[in-house]
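Survey of secondary and tertiary structure
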Amino acid sequence: MRPVENIVVLTGAGISAESGLATFRGPGGLWEGHRVEDVCTPEALHRDPALVHRFYDARRAALDTVAPNAAHRALGRLDAAWPGELLIVTQNVDDLHERAGATRLLHIHGELRSALCAACSKRRAHTGDLPPGSVCAACGAPALRPDIVFFGEMPYQMERIEAALADADLFVSIGTSGAVYPAAGFVQTARHGRADTLELNLEPSAGSYFFAQTRIGAASALVPAWVNSLLA
């Protein structure tokens with residue numbers, strides 16, 4: 001591996017599963033007993049806003065029952081100690097990375113503890129329930145919705161992520177399926193920029209063959225070991 005200065009880390013549902021949060025697609029393609037098409041599309045929000053809002057209210061409340069695990073804490077330690085550029089890009093909508101100390105962090109798919117105004121596009125921190133018709137403090141419209149990037153919507157800060165990938169010396173993917181784009185294509189972008197690539201996962205992802213190295217095991221064991229070796 002070449003000398004490493006700039007690092008991009010991608011995390012997915014697998015890193016939070018060990019904290020007790022359900023992965024996005026469980027048995028039968030269901031997420032917490034619901035079809036993804038019924039709770040994570042613009043059409044679903046239009047068709048049954050009460051269901052969609054209740055679903056994310058429950059996911060938001062569940063955050064109070066879980067805590068960061070060793071993998072989150074290791075990345076928080078890397079964030080604090082790494083002298084070069086570091087960007088942690090998470091597909092997760094929980095706040096476990098922040099609670100473990102990560103600050104150089106982007107939520108590509110939005111955040112449970114945030115609300116988005118469908119009228120003016122302002123985002124703001126939000127805790128507790130978010131009933132349909134909640135009023136936006138910025139524009140006064142009764143248009144607040146969960147700040148979740150639904151299927152068919154553009155993920156957040158793609159230009160910044162693409163720039164970081166182009167400059168990366170190392171790209172590491174942790175706990176991802178490799179099936180959801182555009183994040184599934186990050187490894188190819190990093191390779192085009194000549195970055196070394198590493199996958200840490202319970203099993204090889206759909207794009208595992210793009211990585212120079214894959215390590216199989218629990219994130220709570222693999223991530224601290226990798227961070228320890230990097231900071232040694």
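Not measured: the values here are computed from a predicted model.

Here we look at empty space enclosed by the protein
According to the stated counting rule, one finds one cavity of 30 Å³ or more in the structure shown. Each pocket or cavity is described by its volume, and for the largest cavity that value is around 120 Å³. Along the wall of the largest cavity there are 18 residues; nearest its centre are Leu10, Thr176, Gly178, Ala183 and Ala184. Put simply, the parts of the chain that give the lining of the largest cavity at least two residues each are β9 (170–174) and α8 (186–192). Residue composition of the lining of the largest cavity, by class: 10 nonpolar, seven polar and one charged.

Some points on the sheet that holds strand β8 (residues 144–148)
In space, the three strands of this open sheet follow the order β7-β6-β8, with antiparallel pairing throughout. A single partner strand is all that each edge strand has here, and the edge strands are β7 (123–125) and β8. For this sheet the average axis-to-axis angle between neighbouring strands, irrespective of direction, equals 45 degrees. Two elements, strand β6 (residues 110–117) and β7, share three bridges in a ladder whose sense is antiparallel. Counted as the bridge partner of Leu116 is Arg123 from β7. Lying over the sheet, helix α4 (residues 49–62) contacts β6 and β8, oriented at roughly 55 degrees with respect to β8.

Some points on the UniProt feature "binding site: Zn(2+)" (unreviewed entry) in the protein
Following the UniProt record, one finds the feature "binding site: Zn(2+)" (unreviewed entry) at Cys117, Cys120, Cys136 and Cys139. Separation in sequence by 23 residues is not matched in space for these annotated residues, since their most distant C-alpha atoms are only 8.6 Å apart. Relative to the helices and strands, Cys117 resides in strand β6. For Cys117, a relative accessible area of 1% puts it in the buried group. When near neighbours in sequence (up to four residues on either side) are disregarded, Cys117 contacts Lys122, Cys136, Cys139, Ala143 and Leu144. Turning to its location among the elements, Cys136 is positioned in the loop between β7 and β8.

About the criteria used
- Residues numbered from 1 in each chain as written.
- Predicted model: local features only at pLDDT ≥ 70, side-chain atom pairs only at ≥ 80, totals over all residues.
- Heavy atoms only, no water.
- 1 Å grid on protein atoms, 1.4 Å probe; cavity = no way out; pocket = protein on both sides within 12 Å on 5 of 7 lines; lining within 4 Å.
- Points joined across faces, edges and corners; volume = space filled by probe spheres on them.
- Helix = DSSP H or I, 4+ residues; strand = E, 2+ residues; numbered from the N terminus.
- Nonpolar A, V, L, I, M, F, W, Y, C, P; charged D, E, K, R; others polar.
- Pairing = 2+ DSSP bridges.
- Axes fitted to C-alpha atoms, helices over the stretch in contact; angles between N-to-C directions.
- Contact = heavy atoms within 4.5 Å.
- UniProt positions renumbered as here; feature names shortened; annotations may be inferred.
- Buried < 20%, exposed > 50% of the residue type's maximum accessible area, 1.4 Å probe, protein only.

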